[in-house]
Amino acid sequence: MVRHARPEVQAFIDFFEQLQPADLPRLGQFYAAQAYFKDPFNEVEGIPAITAIFAHMFKAVQNPRFVVRAAVAEEAQCFLTWDFCFISRGKPMTVHGSSHLRFDAQGRVAWHRDYWDVAEELYEKLPVLGSLMRWLKRQASR
């Protein structure tokens with residue numbers, strides 16, 4: 001478990017490591033009203049749109065959870081590394097990634113950008129598409 005001295009960083013980590021569908025109405029405690037969020041599949045603004053992304057996550061996969069591995073903060077921003085663990089089609093999976101967060105004056109996230117390699121972390125793990133992605137990777141490294 002990561003512990004961080006900055007209260008807004010620790011509150012964010014604690015919230016996301018324990019996130020459940022019933023917690024989604026509380027996102028406004030952690031995100032500014034017009035917060036920007038971007039990941040490899042989404043780019044949205046505002047708490048309702050961010051909430052919809054997390055609601056979809058709970059519908060799309062089983063037992064999703066985040067495990068924060070490290071946190072580095074400086075001034076009003078933070079960089080987290082994490083594992084996103086879930087079950088998809090009965091198979092446990094883990095996606096390794098990171099988030100860059102910028103906080104507003106009230107300590108809420110105003111800007112959230114997730115970074116992770118979709119090909120390596122997701123596509124290569126799928127049965128048919130994974131074979132093609134691994135083959136392409138081998139061809140590119142020749």
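Before any of the text, the structure's been laid out above.
Residues numbered from 1 in each chain as written. Predicted model: local features only at pLDDT ≥ 70, side-chain atom pairs only at ≥ 80, totals over all residues. Heavy atoms only, no water.

Trainee: Where do I start with the packing of aromatic side chains in this structure?
Mentor: For any pair of aromatic rings, the description rests on two quantities: the centre-to-centre distance and the angle between the ring planes. A full pass over the atoms with the stated rule returns 13 aromatic pairs. Seen in terms of ring centroids, F16 and Y31 are 6.3 Å apart; in terms of plane orientation they differ by 85°. Their pairing is edge-to-face. Highlighted residues: F16 in helix α1 (residues 7–17) and Y31 in strand β1 (residues 31–38), separated in sequence by 15 residues. Taking the centre distance of 6.1 Å and the plane angle of 20° together, the rings of Y36 and W111 count as stacked. Separated by 75 residues along the polypeptide, Y36 in strand β1 and W111 in strand β6 (residues 109–115) bring together distant segments of the chain. Judged by its relative accessible area of 17%, Y36 is buried. Classification of W111 by relative accessible area gives buried; the value is 18%. Three or more aromatic residues link up through ring pairs in this structure, and these residues are F12, F15, F16, F30, Y31, F37, F54, F66, W82, F84 and F86. Over the ring of W111 we find R102, and its NZ or CZ is 4.0 Å from the ring centre. (Phe/Tyr/Trp six-rings, centres within 6.5 Å; stacked < 30°, edge-to-face > 60°. Helix = DSSP H or I, 4+ residues; strand = E, 2+ residues; numbered from the N terminus. Buried < 20%, exposed > 50% of the residue type's maximum accessible area, 1.4 Å probe, protein only. Lys NZ or Arg CZ within 6 Å of the ring centre and 35° of its normal.)

Trainee: Just checking my understanding: could you explain a nonpolar patch on the surface for this structure?
Mentor: Taken together, the side chains of V72, F79 and Y115 present a nonpolar region at the surface, about 280 Å² in accessible area. Within the secondary structure layout, F79 lies in strand β4 (residues 77–88). (Patch = residues over 30% accessible without salt bridge, like charges linked within 9 Å, V, L, I, M, F, W, Y side chains within 5 Å. Areas by Shrake-Rupley, 256 points an atom, 1.4 Å probe, with all protein chains shown as cover. Salt bridge = Lys/Arg side-chain N within 4 Å of Asp/Glu carboxyl O.)

Trainee: Would you mind showing me how to read the pairing of β6 here?
Mentor: The side chains of a regular strand alternate, first on one face of the sheet and then on the other. Sheet analysis places β1 next to β6, joined by 4 bridges and oriented parallel. Bridge pairing in β6 links F37 to H112. Bridge analysis of strand β5 (residues 91–103) against β6 gives 6 bridges, and the strand direction is antiparallel. Bridge pairing in β6 links L101 to H112. (Pairing = 2+ DSSP bridges.)

Trainee: Looking at this model, I keep getting lost on the sheet that holds β1. Mind explaining?
Mentor: Hydrogen bonds between backbone atoms are what pair the strands of a sheet, whose relative direction is either parallel or antiparallel. Taken in spatial order, the 6 strands line up as β2-β1-β6-β5-β4-β3 in an open sheet, and their pairing is mixed. Each of the sheet's edge strands pairs with one partner strand only, and the pair in question is β2 (43–45) and β3 (62–74). With strand direction ignored, the average angle separating the axes of adjacent strands in the sheet is 20°. Strands β1, β3, β4, β5 and β6 of the sheet are contacted by α1, whose axis makes an angle of about 165° with β3. (Axes fitted to C-alpha atoms, helices over the stretch in contact; angles between N-to-C directions. Contact = heavy atoms within 4.5 Å.)

Trainee: Looking at this model, I keep getting lost on α1. Mind explaining?
Mentor: For an α-helix the count is 3.6 residues per turn, leaving residues at separations of three or four pointing the same way. Within α1, 8 of the 11 residues are buried, which leaves it mostly tucked inside the rest of the structure. When α1 is considered as a whole, its buried residues turn out to be E8, V9, Q10, F12, I13, F15, F16 and E17.

Trainee: What's the story with the pairing of β5 in this structure? I'm lost.
Mentor: As judged from the 12 bridges shared by β4 and β5, these two strands associate in the antiparallel manner. Counterpart to S88 in the pairing with β5 is K91. Counting the residues between successive antiparallel strands, the hairpin from β5 to β6 contains 5 residues, one of them, G107, with a positive phi of roughly 80°.

Trainee: Any chance you could explain the pattern of salt bridges here in plain terms?
Mentor: If the charged atoms of two oppositely charged side chains come close together, the side chains can form a pair. For the structure on display, the rule yields 5 salt bridges. Here D23 makes a salt bridge to R26, at a shortest N to O gap of 3.6 Å. Given a relative accessible area of 16%, D23 falls into the buried group. E43 is the salt-bridge partner of K38, the closest N and O atoms lying 3.6 Å from each other.

Trainee: What is the right way to read the nonpolar core from this model?
Mentor: Nonpolar side chains tend to gather and get buried jointly when the protein is soluble and globular. Counting 32 residues, the largest nonpolar core has F16, Y31, F54 and L80 as its most contacted members. What Y31 contacts, discounting residues up to four positions off in sequence, is F12, F16, F37, I47, I50, F54, R108, V109 and H112. (Core = buried A, V, L, I, M, F, W, Y, C linked by side-chain atoms within 4.5 Å.)

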